[in-house]
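Chains, contacts and geometry: an overview
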Amino acid sequence: MHPFFLILHTFAVLVLTSQAFTAFSKPEATIRKRTLILSGSAGLVMLLSGFGMAHQLYQGHVFGWMIVKLFCLIGVAALAGQVYRRTHLRALFAVAALALLLLALTMVYTKPF
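These figures come from a predicted structure and were not determined experimentally.

Brief notes about the overall build of the protein
A count of helices and strands for the protein gives 4 helices and 0 strands. Along the protein, from the amino end to the carboxyl end, the secondary structure elements read α-α-α-α. For 113 residues, the compact-globule estimate of 2.2 N^0.38 gives 13 Å, and the C-alpha radius of gyration of the protein, at 15 Å, lies within 12% of that figure. Across the protein, every contact between residues at least 6 apart in sequence was considered, and the portion connecting residues at least 24 apart equals 77%. In the structure as shown, the protein presents an accessible area of about 6900 Å², 73% of it carried by carbon and sulfur atoms.

Overview of the confidence of the model for the protein
In the predicted model, the protein carries a mean pLDDT of 94, and 99% of its residues have values of at least 70. Taken element by element, the protein is modelled with least confidence in helix α2 (residues 32–58), mean pLDDT 94, and with most confidence in helix α4 (residues 90–110), mean pLDDT 97.

Side note on the side chain of Ser39
Its location among the elements puts Ser39 in helix α2. According to the relative accessible area criterion, Ser39 is buried, its value standing at 4%. Among residues more than four places away in sequence, those in contact with Ser39 are Leu16, Gln19 and Ala80.

A word on the packing of helix α1 (residues 4–25) against α4
Here α1 crosses α4 at 160°, and the two axes come no closer than 9 Å. Between α1 and α4, the interaxial angle falls into the category roughly antiparallel. The way α1 lies across α4 gives a crossing that is left-handed. For the pair α1 and α4, contact is made by Thr17, Phe21, Phe24 and Ser25 and by Arg90, Phe93, Ala94, Ala97, Leu98 and Leu101, respectively.

Some thoughts on unusual backbone geometry
Not every positive phi belongs to a glycine, and Gln59 is a case in point at roughly 50°. Here Gln59 is to be found in the loop between α2 and α3 (64–82). By relative accessible area, Gln59 is classed as exposed at 57%. Positive phi is not limited to glycine here, since Lys111 has a value of about 45°. With respect to the element layout, Lys111 can be found in the segment after α4. By relative accessible area, Lys111 is classed as partly exposed at 37%.

With respect to a nonpolar patch on the surface
A cluster of nonpolar side chains, namely Val62, Ile67 and Phe71, defines an oily patch on the protein surface of about 310 Å² accessible area. Position of Val62 among the secondary structure elements: in the loop between α2 and α3.

Quick look at the environment of Leu8
The residue Leu8 is located in helix α1 in this model. When its relative accessible area of 30% is taken as the criterion, Leu8 is described as partly exposed. Distance from Leu8 to Met107, taken between C-alpha atoms, is 19 Å for residues 99 residues apart in sequence. Setting aside anything within four residues of it in sequence, one finds Leu8 in contact with Val45 and Ser49.

Quick notes on the rules
Residues numbered from 1 in each chain as written. Predicted model: local features only at pLDDT ≥ 70, side-chain atom pairs only at ≥ 80, totals over all residues. Heavy atoms only, no water. Helix = DSSP H or I, 4+ residues; strand = E, 2+ residues; numbered from the N terminus. Rg over C-alpha atoms; globule rule 2.2 N^0.38 Å. Contact = heavy atoms within 4.5 Å. Areas by Shrake-Rupley, 256 points an atom, 1.4 Å probe, with all protein chains shown as cover. pLDDT = per-residue confidence, 0-100. Buried < 20%, exposed > 50% of the residue type's maximum accessible area, 1.4 Å probe, protein only. Axes fitted to C-alpha atoms, helices over the stretch in contact; angles between N-to-C directions. Parallel < 35°, antiparallel > 145°, perpendicular 65-115°, else oblique. Left-handed = near helix turned anticlockwise from the far one by under 90°. Patch = residues over 30% accessible without salt bridge, like charges linked within 9 Å, V, L, I, M, F, W, Y side chains within 5 Å. Salt bridge = Lys/Arg side-chain N within 4 Å of Asp/Glu carboxyl O.

Printed below as a string of structure tokens:
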């Protein structure tokens, strides 16, 4: 397997995570546009590279852990946008994002189903 999709996917997840936690730390209107553009673009790249990697590694078969990871990372991307609408819940969103990221990592490394 060529590592292109793996490197692209990992980079996109790192960018998405950093932009989400930037939004959680200071949801100011001055950086809102940049944060939303970067987190949305990273989410799209993450999604496409994840499917490309799954196609290379598993010949297009979809397993349960992939679906759980997909929903976890979409949830992190959604929380990055919601923090600007509900700033009073940013601590809760940060904890939820950490839990979703932990669940996604657990799915990747254990592949339980």
